[in-house]
Structures are given as structure tokens and as C-alpha cells.
Amino acid sequence: MLYKRLRMFGSCDYLRLWSDFFSFAQPMNQLKIHLYNQLKHKPSLNQINQIHAQIIVRSLGQTNNLIGALIQSYNAHGKLKSATKVFNKYPSQHPTFLWNLIIQAYSKTSFTEQSLHLFKQMLLIAGLHSSPVPDDYTFTFIITACSRQRTLLDCGKNCHTMVIKLGFDKNVCVGNALVSLYVVFSKTVSARKVFDEMPERDIITWTSLIKGYAMGGKIAEAEQLFVKMPERNEVSWAVMIAGYVGHKMYNDALRCFNDMLADDNMKPNEAVLVSVLSACAHLGQINQGKWIHFYIDRTRFPKSSNISTALIDMYAKCGKIEYAKQVFDRTEKRDLLTWTSMISGLSMHGLGKEALKMFTEMLADGIKPDNITLVGVLNACSHSGQVKEGISIFNNMEKLWRISPKLEHFGCLIDLLSRAGRLEDAFKAVKTMEMEPDDVIWRALLSACRTHGNVGLAERIIEHVKKTGGGGRLLLSNLHASFGQWDNVRRIRESNIQKEDDSTPGCSYIEINGVVHEFLAADKLHPQIMEITLKLNEVMKRISLDEDFDNM
DNA sequence: ATAGGGTTAG
């Protein structure tokens, strides 16, 4: 073992190691301090191995500090196996501190159960020798471990009980871990109870609870807490802004962001910028979006892949695909998210062929798509008439990338077939679906019936929907809408005015020369509606001319 | 000598 470890070094290190060993120039204590300081200085893996060898050679395995630092260093490099080996070997009796380190290390991996297993072992040994007693750190780690696995809520509750019995519930970090546990499992009431009973709270306590309310749809409560909390930091702002975005309250998100900027002590972090860019994208607020882009450049904000993704998405959704491409081209490390936002953006702009080319490049780069990438890709096929390619991707997605088609992929397929005029195939595909088709699918099919003038099939479809009873009134009204039968739509909507249907109609925004224009589905409220309609008719005419041209 | 809270893509 020792030999193996020594052989790993270059000859130079090897010599130095042995000259150290024979010199006895350094007293033992100084050596310990020296090694410890080296470990605390973010050593490379190679350096860690050397230090480890020194610890073996000099028999320093009983020095807790040193062993702890060694375990930490291995953890920092993701070498959990090596860390575990060290833990198992040294020292003969583990103090709580070392147990904590190894428990925490496992809680951060996907083997969270292992940290609970270690905790149980610790309790057993504690019963035998009464040596290592779990402390507030131990509980913080295992409660956090429980929040990371969907199956571990009950385990977390058991920890809560122990915490109360042992009196660790007075500790802020333990309390925060508990609040966060209940928030993760959407148990807002329990989270609130822990919060209320904590003897002292800090920013993290407040932020966790705000997140809980935001996740549970209680934005007003989240807002109240946010205003009431004694002090805020970037993370609290991020949680509040993301809460608004999550509830489509994009204007509130921007307002909140501006409030944040008004505070000179507060600098937006990555999470804030990503959320705000998403709000800009949804609102078509290109100016605010550009401002953030400038801000990122000016402050030399690190351009992570998340930031690039958000910028690409924002530009694409605000109609500036060229800018989106520019950001993409300048992105150094492209990951699945950057590729996906670029592919989806191109596809949204009808640039299906380019999007497919990108997809090929992405695969060549060795990046596997996920279900969202495939939605973009299938849409790209649909928008560029690449029917064969689309069908082949749909049929092979399971085999090639282990992604089983979900509702939205069926939606793309049906859209693809419908646009290509293969209406009967599309209807057949709907009937083979295992899940209930949503109204997006029916609308795709029906609007294609309209453009292809197939009234007979449209009627059969509406009959089918009525018979299978899926979707209800709103769906039916949408079906009429997709056929342009606005009178029927109005009739259905008005007859149900007091019913449960409180869904807001589709709404879109676009900013032109600094003015944001808002459009509701089928409204006629815009001051320039006449001009818009005329232009739209012209566009439609030219599209149908192009189609005729294609068919020749 | 080791804690606890954050974002995005159709």
C-alpha cells in the first residue's frame, strides 16, 4: 500500500520525500502544522497523495486535525472513496467532528442514504463506548440529507423529534435545516411552526420560509414576510424575484429588481439576473434585457452557462435572434442548456433547418439531449417541413437517448403531421396516445383542418372530444376559437361567467421603440388594430402564395 | 475544526 502510494510520485517528489524522512530536521509538531497548512491551501490531488503518504510514514494517523483536513481535501476533489478509506483507518476512535465530516460528504452525493446509515452506526457505537455523541452539526447534516431525497420526509420528522429531545432545536442552523426540510416537502404549515418557535432567526430562516410560501402559491404572504424581515441579502432578493416569475407576475419581478438596484449595498447575483432575464423574455422587454446584458459586460460579471442561456432565451423571445446567435457564438463552455435555448430560439423563429444543424453539432459535441431539447428539435422539424426527420427523431428518441415521449412530444408530432397535411395520420396518432391529449394538441389538429379546409374531419374531432368528455367547456371554446368561430367562443364563455373558469386568456407583449404593446387573444383593442389587421392579411396572402409555389 | 437559504430552457 505504502509502496503503491510512493510509486505514484515523480522521481523528484520521491527523493524529497525520503530526504525529509531521514533528515529529522523538523520537530514533529512543526511537521504537523506544516502538513495541516498545506492541506488547508487547496492542494492538487497529487499533493494530497504526497501528504497522505507523509501521514502514513510518520505515523500521524492519530492527529484528528490532520485526518479531518485530509478527508476534507479528498472530498473537495470528489474522492469520496479515498476519504472513506482514511476515515475507516484513522484514528482508532472517531471523534464526533470526523463523523460529521464524512456524514456531510455523503449527504451531498446521490447516496444520501449512506449518510443516514453512518448516523445509525454512530448512534450504535455511542451506546457502546459513550464516545462519539451526535451534536448540532450532525443533525444539521442529516436533516439536510433528508431534504435531498423525496422518500425521506418521515426520516426527517424523526430527526426533528430527536432534535427536540436533545435540545438542539435552539440552534439556528438546525432550525434552518428543519424549516428548509419542510419547505422542500411543501409542508408550509410545519415550516411556519418551526419558524415561530425558533428562539432566534436570521436571514436564512426568513428566506427559507419566503421560498416556502412562494412555492405554495402564497405570494402575498411571501411578500409580507419579505417586507417584514429585518435585513435582506442577494439570496433573499433572488427568492422573492423568482417567486414572482414562478407565478407569471413578471412586472412585479421587474419592479422588485429595480427596488433591489435602488439599494446601493446590494449587487444582483446570478440567480437574480437569470430570473429577471426570464421576466424580460416573457414581457418582450428588450430594453430592460439589453440593459442587463450591458450590466453583465460592464461589471465583468462571470458569464456562466446559466447567464448565457438566459440571454439567448431573452433575445430569442424578444424577436432578436441575431443577438441570440451572437451570445451563443461568444459562449465558451456550451452545455445542454445553452444548446437547448439556441435550438429552441431558432425553431421559434421558423429557422428549422438551422436549428437541426445545431442539433447535429450538439450531438457531435457529445452532449445528450433531454426532453426539452427534443421539444425544440421536433418543433424545428415541424416549422421547416422536415416531416421524415421529425417522425424518425420521434420514433427513435427512446432508443437513442432513453427519453420516452411525453405529452409535449406528442404535441409536436401531431403538429408536424397536421401542418404537413397528414391530418388523418395526426388524428390516428392522438388516439394511440396513452395519456389524455391536452387542448394544445386539439388546437394544432383543428387549426390544420382549417388551413387545409377539411371541415369533415374537424367536425369528427369535435364530436370525439365531446364524446370522450375530456377538457370541458374551456377546451370546447378553444376548439371553436381555433376555427375562428368567435361567436361560439363568446357564447360559451359568457354562459359560464360565474363558473370556475378563471383562466386568463392568452396574452403576448412586444416592445417596439421603447413602447410595450400588449395583445390578448382575439382582442381588437390596440389603437392601430386596423393597420395591424391589414398587414396581417397581406402576410397571410403572401404565405399562401409561397405555399402554392412550394406545391408546384 | 465541520453547518443552514438561490435561478433558467418548450
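The rules behind these values
Residues numbered from 1 in each chain as written. Chains lettered and ligands numbered in written order. Predicted model: local features only at pLDDT ≥ 70, side-chain atom pairs only at ≥ 80, totals over all residues. Heavy atoms only, no water. Helix = DSSP H or I, 4+ residues; strand = E, 2+ residues; numbered from the N terminus. Buried < 20%, exposed > 50% of the residue type's maximum accessible area, 1.4 Å probe, protein only. Contact = heavy atoms within 4.5 Å. Areas by Shrake-Rupley, 256 points an atom, 1.4 Å probe, with all protein chains shown as cover. UniProt positions renumbered as here; feature names shortened; annotations may be inferred. Arc of directions from axis to C-beta.

## Description of the overall build of chain A
Point 1. Within chain A, the secondary structure is distributed over 31 helices and two strands.
Point 2. Counting every position in chain A, which comprises 552 residues, the buried fraction comes to 43%.
Point 3. A separation threshold of at least 6 residues defines the contact pool for chain A, and within that pool the share at least 24 residues apart is 58%.
Point 4. Surface exposure of chain A reaches about 31,100 Å², of which carbon and sulfur atoms provide 54%.

## Quick look at the UniProt feature "repeat: PPR" (unreviewed entry) in chain A
Point 1. Feature annotation in UniProt places "repeat: PPR" (unreviewed entry) on residues 202-236 and 335-369, given in this structure's numbering.
Point 2. Measuring from the first to the last C-alpha atom of residues 202-236 gives 11 Å, for a span that is 74% helix and 0% strand.
Point 3. Helix and strand shares over residues 335-369 are 74% and 0% respectively, and the end C-alpha atoms of the span are 10 Å apart.

## So, the environment of His-383
Point 1. Note that His-383 resides in helix α23 (residues 371-383).
Point 2. Judged by its relative accessible area of 34%, His-383 is partly exposed.
Point 3. C-alpha separation for the pair His-383 and Ala-420, spaced 37 residues apart in sequence, amounts to 9.8 Å.

## A word on helix α6 (residues 80-89)
Point 1. Of the residues making up α6, those classed as buried are Leu-80, Ala-83, Thr-84, Val-86 and Phe-87. Down the axis, α6 shows its buried residues gathered within 160° of arc, on one side only. For α6, the exposed residues set more than 90 degrees away from the buried face come down to Lys-81, Lys-85, Asn-88 and Lys-89.
Point 2. Buried residues belonging to α6 abut α4 (45-57), α5 (64-76) and α7 (96-107).

## Some remarks on unusual backbone geometry
Point 1. Look at Ser-59: it is not a glycine, yet its phi comes out positive at around 50°.
Point 2. Residue position: Ser-59 is located in the loop between α4 and α5.
Point 3. Residue class for Ser-59 comes out exposed when judged on its relative accessible area of 61%.
Point 4. For Arg-300, which is not a glycine, the phi torsion comes out positive at approximately 50°.
Point 5. You can see Arg-300 is positioned in the loop between α18 (286-298) and α19 (305-317).

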